[in-house]
Amino acid sequence: MTIPDYIIFPDTAIHAERLAVISDKDALSYAQLTAQSATAAASFKKNMAQGSVISILAEHSTQYITTLLGGWMAGMIMMPLSTRLPLSTLQQRMQQVGCKSLITDNEDAHFPGIQTLNITSFNNTTDPIDSIKMQTDSPATLIFTSGSTGNPKAVMHTLSNHLYNALGSNTNIPVQPEDRWLLSLPLFHVGGIAPLFRCFLAGAAVVIPLKEEPLESLIKNQSITHISLVSTQLARMLTNPDTISALQSLKAILLGGSAIPASLIEQAIAYNLPIHTSYGSTEMASQITTTQAGADAKELSTSGRLLPHRKLSFSNQGEIRVKGKTLFQGYFDQHGIHSVVDQNGWFHTGDRGNLDEKDCLNVTGRLDNMFISGGENIQPEEIERCIEQIKGITQCIVVPTPDDEFGERPVALLQYSGNPIKETVIRLHLEQNLEKFKHPVRFYPWPGQTGNDLKINRALLKQLAIKNS
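Cut-offs applied
- Residues numbered from 1 in each chain as written.
- Predicted model: local features only at pLDDT ≥ 70, side-chain atom pairs only at ≥ 80, totals over all residues.
- Heavy atoms only, no water.
- 1 Å grid on protein atoms, 1.4 Å probe; cavity = no way out; pocket = protein on both sides within 12 Å on 5 of 7 lines; lining within 4 Å.
- Points joined across faces, edges and corners; volume = space filled by probe spheres on them.
- Nonpolar A, V, L, I, M, F, W, Y, C, P; charged D, E, K, R; others polar.
- Pairing = 2+ DSSP bridges.
- Helix = DSSP H or I, 4+ residues; strand = E, 2+ residues; numbered from the N terminus.
- Axes fitted to C-alpha atoms, helices over the stretch in contact; angles between N-to-C directions.
- Contact = heavy atoms within 4.5 Å.
- Salt bridge = Lys/Arg side-chain N within 4 Å of Asp/Glu carboxyl O.
- Buried < 20%, exposed > 50% of the residue type's maximum accessible area, 1.4 Å probe, protein only.
- Polar contact = N/O pair within 3.5 Å; in protein donor to acceptor, adjacent residues only side chain to side chain.
- Core = buried A, V, L, I, M, F, W, Y, C linked by side-chain atoms within 4.5 Å.
- Phe/Tyr/Trp six-rings, centres within 6.5 Å; stacked < 30°, edge-to-face > 60°.
- Lys NZ or Arg CZ within 6 Å of the ring centre and 35° of its normal.
- Parallel < 35°, antiparallel > 145°, perpendicular 65-115°, else oblique.

(A) How the structure looks around empty space enclosed by the protein. Overall, the coordinates contain two cavities of 30 Å³ or more when judged by the stated rule. Reported here for the largest cavity is a volume of approximately 60 Å³. As for the largest cavity, its lining consists of D296, K298, E299, T302, D356, E357, K358 and C360. When grouped by side-chain class, the residues that make up the lining of the largest cavity number one nonpolar, one polar and six charged.

In structure tokens, the structure reads:
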């Protein structure tokens with residue numbers, strides 16, 4: 001399938017009466033979704049110039065989604081903002097991209113020089129526009145990177161980028177009109193916005209969860225079939241037998257965001273959960289590779305095969321390079337778009353990896369995480385994978401700390417599913433599996449506050465480890 005230059009999205013003519021978005025407060029059919037989005041589009045045309053960057057700061061709701069769609073109908077660049085960040089940081093991000101308009105449900109969100117509009121009144125102030133076609137090759141979203149390896153950057157995508165990502169995903173994890181995908185990741189994250197495109201292409205429904213409702217009852221009451229999770233979310237869910245039973249009823253559980261601990265994959269397999277491991281990036285609009293349905297333990301220990309509309313290669317140093325129809329337009333700031341691809345159009349991810357004999361991707365670590373200890377190269381992710389094989393350890397992060405003799409030495413921060421594992425047990429496992437110079441010199445318990453759950457902030461954990469050394 002080829003995405004045309006102009007489309008009506010979602011396709012109301014095919015799925016008009018089907019439910020498109022469901023929340024605890026209301027539900028919209030595809031016809032209602034399109035009509036309300038067209039009203040939002042009229043508000044955009046009335047209040048902003050076409051091509052403007054528009055920030056959204058709000059809790060998930062049907063109005064949030066109609067605001068996004070309305071913005072695209074009106075030719076705006078929509079920038080979802082994190083509700084977890086302080087207002088001062090949000091102001092900096094709007095200034096970074098030259099944003100002059102904010103749509104929000106936060107009464108405290110007022111910034112100098114920023115036009116601030118209430119999301120409810122914005123969606124109900126005028127008659128809908130006549131034409132609801134969207135231009136697919138124009139800039140459509142700005143989504144900030146996690147900033148786990150530096151300052152967050154604003155990644156610019158077109159609608160076409162998002163649509164091709166969804167097309168490739170849906171060939172591997174089918175989505176049918178009767179299916180329902182739980183919006184379990186935030187819309188300011190690329191993994192949160194991607195289900196909108198997967199569902200709206202298929203005529204399926206997106207379900208906005210009520211925060212207070214237990215997952216097991218939500219899955220049952222709303223007939224959830226698909227869910228996207230990061231490893232920390234799944235690890236918490238597997239501590240509750242009722243939640244495990246609910247997860248077993250799903251068609252697909254898409255895991256991403258970071259490396260999945262081996263012990264967690266083993267647990268999921270033991271419970272017969274329909275998991276798919278994956279590798280993706282904000283720059284590629286979400287998934288790049290994903291495992292297939294019914295994959296065995298060996299395949300699930302990888303990130304799966306390349307999805308359609310993407311391309312993959314490796315540098316001489318083993319760095320993963322990507323391009324294709326899902327590749328972003330560039331990083332954006334108030335001075336414009338900055339392309340960072342090489343002369344052949346490849347984006348260098350900063351991740352190391354290789355393909356196995358079945359063309360499944362193994363991601364071995366980030367180039368910028370590697371450090372030298374006593375003249376030896378140490379890739380922290382190798383040590384982490386080894387330690388995470390130990391039953392009872394749900395997560396491990398290894399960071400370097402200064403050492404007078406070796407320059408830097410590894411230390412490990414450990415998260416447990418129950419009681420802490422004895423250090424002697426960990427060291428015995430390391431002696432049996434890794435060279436001595438790779439063994440952490442100290443082990444620390446996982447800190448209570450580590451920032452955004454979607455991505456591990458290694459810089460913060462390194463600071464904490466050095467402080468405790």
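Still to come is the rest of the account.
(B) Focus on the sheet that holds strand β28 (residues 442-445). Sheet architecture is open: three strands sit in the order β26-β27-β28, paired in mixed fashion. Of all the strands in the sheet, the pair left with one neighbour each is β26 (393-403) and β28. The mean angle between the axes of side-by-side strands here comes to 30°, regardless of whether they run parallel or antiparallel. Alignment of β26 against strand β27 (residues 407-416), held across 10 bridges, turns out to be antiparallel. The partner of P402 across the bridge, within β27, is E408. Relative to the sheet, helix α14 (residues 423-433) contacts β26, β27 and β28, its axis offset from that of β28 by approximately 130°. Strands in contact with helix α15 (residues 458-468) are β26, β27 and β28; relative to β26, the strand with the most contacts, it is inclined by about 65°.

(C) Highlighting the pattern of salt bridges. In this structure the tally under the stated criterion is 11 salt bridges. Across the salt bridge formed by R458 and E384, the nearest N and O atoms sit 2.9 Å from each other. Of this pair, R458 sits in helix α15 while E384 sits in helix α13 (residues 380-387), placing them 74 residues apart in sequence. R458 gets classed as buried once you look at its relative accessible area, which sits at 17%. A relative accessible area of 6% means that E384 is categorised as buried. Each of D351, R366 and D368 takes part in a single network of salt bridges with overlapping partners.

(D) Fine view of the layout of surface pockets. There is about 1200 Å³ of room inside the second largest pocket. Every residue lining the second largest pocket is counted, 43 residues in all, and those nearest its centre are H60, L183, P209, L210 and K211. Of all the secondary structure elements, the ones that give two or more residues to the lining of the second largest pocket are α3 (62-73), α5 (119-122), α8 (215-221), β13 (226-230) and α9 (231-237). Counted by class, the lining of the second largest pocket contains 21 nonpolar, 11 polar and 11 charged residues.

(E) Seen up close, the side chain of S23. Looking at the element boundaries, S23 is found in the loop between β2 (19-22) and β3 (27-29). Look at S23 and you get buried, because its relative accessible area is 13%. A polar contact of 3.1 Å, which involves the side chain of S23, links it to the backbone nitrogen of K25. A polar side-chain atom of S23 sits 2.8 Å from a polar atom in the side chain of D26. With near-sequence residues (within four places) excluded, S23 lies in contact with T62 and I208.

(F) Layout of α13. Judged by how many residues are buried, α13 sits mostly within the fold: six of eight residues are covered. Here α13 has its buried residues at P380, E381, I383, E384, C386 and I387.

(G) Spotlight on the nonpolar core. The biggest cluster of nonpolar side chains holds 55 residues, and the ones touching the most others in it are F44, W72, L196, F197 and F200. The biggest single contributor to this core is helix α7 (residues 190-202), with seven residues. Not counting the four nearest positions on each side in its chain, L196 is found in contact with F9, I65, L68, L187 and V206. Residues L229, L234, L255 and L273 belong to the second largest nonpolar core, which totals 27 residues.

(H) Quick look at the packing of aromatic side chains. Following the criterion strictly, the structure yields seven aromatic pairs and no others. Between F44 and F122 the ring centres are 4.6 Å apart and the planes differ by 75°, which places this aromatic pair in the edge-to-face class. Note that F44 is positioned in helix α2 (residues 30-47) and F122 in helix α5, a separation of 78 residues in sequence. Summarising the aromatic geometry, the rings of W72 and F197 are spaced 5.5 Å apart at their centres and angled 35° between planes, so their arrangement reads as tilted. Of the two residues, W72 is situated in helix α3 and F197 in helix α7; the sequence distance between them amounts to 125 residues. The burial state of W72 is the same as that of F197; both residues are buried. In textbook terms, an aromatic cluster arises when at least three aromatic residues are bridged by ring pairs, as seen for F9, Y30, W72, F197 and F200. One Lys or Arg, K323, reaches over the ring of W346 and ends 4.5 Å from the middle of that ring. The aromatic ring of F406 is capped on one face by R409, whose charged end is 5.1 Å from the ring centroid.

(I) Examining the packing of helix α6 (residues 159-172) against α7 more closely. Between α6 and α7, the least distance of the axes is 9 Å, while the angle of their chain directions is 70°. Classified by the angle their axes make, α6 and α7 are roughly perpendicular. Judged by residue contacts, L159, H162, L163, A166, L167, S169 and N170 of α6 engage I193, F197, R198, L201 and A202 from α7. Here the contact of α6 with α7 is built from residues that sort into eight nonpolar, three polar and one charged.

(J) How the structure looks around unusual backbone geometry. Put simply, F9 and P10 share a cis peptide bond, and its omega is -5°. Following the sequence through the fold, P10 ends up in the loop between β1 (6-7) and α1 (12-15). Even without glycine at this site, S223 takes up a positive phi of about 55°. Positionally, S223 belongs in the loop between α8 and β13. Backbone geometry at A285 places phi at a positive 65°, although glycine is not the residue there. Along the chain, the position of A285 falls in the loop between β15 (275-281) and β16 (286-290). Under the relative-accessibility criterion, A285 is labelled buried at 2%.

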